[in-house]
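Coordinates in review
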Amino acid sequence: MRAFLQELCEDFAENGNFSGVCLLKREDELVFEKAYGFANRAFRVPNEADTRFDTASVTKIFTAAAVLQLAEQGRLRLSDRITSLVDLSGTKIPEDITIEQLLNHTSGIADDADEVAGESYAALFKDSPNYAIRECRDFLKNFAWKEPVFPAGTAARYCNCSYVLLGMAVEAVSGENYRDYFARHIFEPAGMAHTAFLSMEEVNESTAEGYESVQDEAGRLIGYRKNIYSFPPRGTPDGGAYTTAGDLCRFFEAVRERRILNGNYADVFLRPHCPFTSPEPRLGLPGLYAQNGYGLEFLMLPGKETPFCIGKDGLNPGVCANATYYPQNHITLVLLANQDCNVWEMTRRIQWEMLRQNWLDPRL
């Protein structure tokens with residue numbers, strides 16, 4: 001497996017624009033961890049295994065864990081309406097939307113940029129400066145007065161801004177800024193010492209800059225631009241926390257070991273919770289389908305209670321991230337990149353190899 005991973009990563013580093021880190025851990029064995037490319041292209045500072053990367057929407061798993069912590073403590077219920085916890089008066093956020101529907105993307109609220117429909121998130125900031133969005137409420141003007149896409153609970157559609165509202169709920173219930181809450185109650189107990197909501201305008205050590213590809217009319221890569229105008233300068237509950245591959249591995253271990261959530265709520269977190277599914281044909285496993293959970297996304301096989309894999313990905317200009325946990329064998333795979341790179345294809349090829357080498361058994 002080590003030889004396969006090294007060959008794959010070297011191929012993508014040379015031919016697939018991969019600049020980042022790949023980590024594979026099986027039980028307590030660190031099978032592979034290696035960095036490629038540059039954290040800073042101008043000064044040719046190389047990425048290292050402990051380099052911190054922007055993770056975009058992978059951040060949502062921390063927000064979901066925080067919400068479940070507060071549910072575990074009885075400070076909120078998943079059936080609570082978001083409007084009972086957060087003042088959204090005067091907006092078009094329906095009063096019947098629950099915390100659970102925000103968690104599993106069945107709320108139906110409009111997003112600030114409908115990426116499912118092909119809208120560009122970066123385009124939001126052509127007329128409105130990205131540096132003006134620093135806290136959760138700063139997002140409201142871009143989505144809260146839009147009409148809902150569908151009635152709550154009648155369909156599933158990925159929505160970044162549902163996690164902005166969840167961050168506001170965490171703040172309202174805990175009395176803490178969500179960044180402080182995550183640091184104290186998620187990152188610290190999980191041993192994630194290298195994870196934080198860093199600002200792009202600060203000087204951050206051991207941190208990769210993000211580079212968006214520049215292409216010519218024929219689609220050929222001709223250079224890079226920094227992604228500093230593509231999204232808010234500091235991470236928010238829906239995306240943008242900086243972390244390392246090792247810290248993401250520690251997060252899954254902390255959930256499994258009940259250090260973030262107790263046994264009941266850890267089990268809740270590691271199961272899908274959405275009535276809507278979609279087929280996943282790319283691995284060639286008969287009947288494999290995708291299903292939302294709370295922050296996490298699941299690939300399931302018919303008739304199996306244990307997920308084939310659990311994970312979350314993130315994508316922004318110059319940010320590509322995919323973290324996957326295989327519960328049947330306690331395998332964690334993390335790919336983080338600070339350039340536009342198809343880490344999903346890398347993940348699929350690694351999954352195929354793990355199946356070929358019987359590291360994964362779809363019959364379980």
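Residues numbered from 1 in each chain as written. Predicted model: local features only at pLDDT ≥ 70, side-chain atom pairs only at ≥ 80, totals over all residues. Heavy atoms only, no water.

1. Observations regarding the overall build of the protein chain
Convention followed: Put simply, DSSP marks the helices as runs of H or I at least four residues long and the strands as runs of E at least two long, and each gets a number from the N terminus on. It is over C-alpha atoms that the radius of gyration is taken, and the globule rule equals 2.2 Å times the number of residues to the power 0.38. Three exposure classes are used, based on accessible area relative to the maximum for each residue type with a 1.4 Å probe and protein chains only: buried under 20%, partly exposed in between, and exposed over 50%. Here the open area of atoms and residues is found with the Shrake-Rupley method and a 1.4 Å probe, where only the protein chains shown may cover a residue.
What the protein chain contains, in helices and strands, is nine helices and 14 strands. What you see for the protein chain is a C-alpha radius of gyration of 20 Å, in line with the 21 Å of a compact globule of 364 residues. Its C-alpha atoms put the protein chain at 55 × 50 × 40 Å along the principal axes. Taking all 364 residues of the protein chain together, the buried fraction comes to 56%. For the protein chain, the exposed surface amounts to about 15,600 Å²; the carbon and sulfur share of it is 47%.

2. A short note on the pattern of salt bridges
We apply this condition: Here a salt bridge means any side-chain nitrogen of Lys or Arg lying within 4 Å of a carboxyl oxygen belonging to Asp or Glu.
Enumeration according to the criterion identifies 19 salt bridges in this entry. A salt bridge links Arg2 to Glu29; the nearest nitrogen and oxygen atoms lie 2.8 Å apart. Pair noted here: Arg2 is in helix H1 (residues 2-15) and Glu29 is in strand S2 (residues 29-36), with a separation of 27 residues, a long-range link. Take Arg2: its relative accessible area is 46%, and that puts it in the partly exposed class.

3. Notes on a negative patch on the surface
Rule in force here: Patches here: salt-bridge-free residues with over 30% relative accessible area, like charges joined within 9 Å, nonpolar side chains (Val, Leu, Ile, Met, Phe, Trp, Tyr) joined within 5 Å. Within this scheme the basic residues Lys and Arg register as positive and the acidic residues Asp and Glu register as negative, but His and the chain ends are omitted. All charge positions are set by atom: Lys at NZ, Arg at CZ, Asp at CG, Glu at CD.
Taken together, the side chains of Glu7, Glu10, Asp11 and Glu14 define an acidic patch exposed on the protein surface. Of note, Asp11 is situated in helix H1.

4. Structural notes on the layout of surface pockets
The line we're drawing: Method remark: on a 1 Å grid restricted to protein atoms, a set of points is classed as a cavity if a 1.4 Å probe fits but cannot get out and as a pocket if it is open with protein on both sides within 12 Å along at least five of seven lines; lining residues have an atom within 4 Å of a point. Grid points are joined across faces, edges and corners, and a volume is the space filled by probe spheres set on the points.
The space that makes up the second largest pocket amounts to roughly 340 Å³. Met200, Ala208, Glu209, Gly210 and Tyr242 are, among the 20 residues lining the second largest pocket, the residues nearest its centre.

5. Some points on the nonpolar core
Selection rule: To define a nonpolar core, start from buried Ala, Val, Leu, Ile, Met, Phe, Trp, Tyr and Cys residues and group those joined through side-chain atoms within 4.5 Å. A contact between two residues is defined here by any heavy atoms of the two lying within 4.5 Å.
With 76 residues, the main nonpolar core has Phe62, Ile82, Leu165, Phe251 and Phe269 as its most contacted residues. Beyond its immediate chain neighbours, meaning those up to four positions away, Phe269 contacts Ile61, Ala64, Ala65, Leu68, Phe251, Val255, Leu261, Tyr294, Leu296 and Phe298. One finds Leu288, Phe308, Val343 and Met354 within the second-largest nonpolar core, a separate group that totals 32 residues.

6. Things to note about the packing of aromatic side chains
Here is the rule we go by: Each aromatic pair joins two rings of Phe, Tyr and Trp (for Trp, the six-membered one) with centres within 6.5 Å, and gets the label stacked for planes under 30 degrees apart, edge-to-face for over 60, and tilted for any other angle. Charge-over-ring contacts are defined here by two conditions on Lys NZ or Arg CZ: a distance within 6 Å of the ring centre and an angle within 35 degrees of the ring normal.
Inspection of the entire model under this criterion finds twelve aromatic pairs. Where Tyr178 meets Phe182, the ring centres are 5.9 Å apart and the plane angle is 70°; that geometry is what we call edge-to-face. With a gap of four residues between them, Tyr178 and Phe182 both fall in helix H6 (residues 178-187), about one helical turn apart. Measuring from centroid to centroid gives 6.3 Å for Phe187 and Phe197, while their planes differ by 35°, and the two rings are tilted. Placement of Phe187 in helix H6 and of Phe197 in the loop between H6 and strand S6 (211-215) is noted, with a sequence separation of ten residues between them. On the basis of relative accessible area, Phe187 is assigned to the buried category, the value being 3%. One aromatic cluster is present, built from ring pairs that chain together Phe62, Tyr178, Phe182, Phe187, Phe197, Phe251, Phe252, Phe269 and Tyr325. Of note, Arg26 hangs over the ring of Trp359, and the distance from its end group to the ring centre comes to 4.0 Å. Positioned above the aromatic ring of Tyr163, the side-chain terminus of Lys60 is 5.9 Å from the ring centre.

7. A word on the packing of helix H2 (residues 60-72) against H6
Test applied: Whenever a helix is involved, its axis is fitted only over the stretch in contact; in every case the axis is a line through C-alpha atoms, and angles between N-to-C directions fall within 0 to 180 degrees. An angle counts as roughly parallel when it lies under 35 degrees, as roughly antiparallel when it exceeds 145, as roughly perpendicular when it falls between 65 and 115, and as oblique in every other case. Under the grouping applied here, Gly and all other residues not named as nonpolar or charged are polar, the nonpolar ones being Ala, Val, Leu, Ile, Met, Phe, Trp, Tyr, Cys and Pro and the charged ones Asp, Glu, Lys and Arg.
Axis separation between H2 and H6 bottoms out at 10 Å; the angle between their running directions is 75°. Our classification of the angle between H2 and H6 gives roughly perpendicular. On H6, the residues touching Phe62, Thr63, Ala65, Ala66, Gln69 and Leu70 of H2 are Tyr181, Phe182, His185, Ile186 and Phe187. Each residue belonging to the contact of H2 with H6 can be placed in one class, and the counts come to eight nonpolar, three polar and no charged.

8. Description of the environment of Asp96
The topology assignment puts Asp96 in the loop between helix H3 (82-85) and helix H4 (99-103). For Asp96, a relative accessible area of 40% corresponds to the partly exposed category. Between the C-alpha atoms of Asp96 and Gly246, which are 150 residues apart in sequence, the distance is 39 Å. Discounting residues that sit within four places of it in the chain, Asp96 has contacts with Arg81, Gln101 and Ala152.

9. Focus: the environment of Met354
When you line up the elements, Met354 lands in helix H9 (residues 343-356). For Met354, a relative accessible area of 0% corresponds to the buried category. A sequence separation of 172 residues divides Met354 from Phe182, and the C-alpha atoms of the two residues are 33 Å apart. With near-sequence residues (within four places) excluded, Met354 lies in contact with Met1, Leu24, Tyr326, Ile331, Trp359 and Leu360.

10. A short note on H6
Structurally, the α-helix is built with 3.6 residues per turn, so residues lying three or four positions apart point the same way. Our working definition: Throughout, the arc means that of the directions going from the helix axis to the C-beta atoms.
Buried within H6 are the following residues: Tyr178, Arg179, Tyr181, Phe182, Ile186 and Phe187. Angularly, the buried residues of H6 cover 150° about the axis, an arc narrow enough to put them on a single face. Buried residues in H6 make contact with H2, helix H5 (161-174) and helix H7 (245-256).

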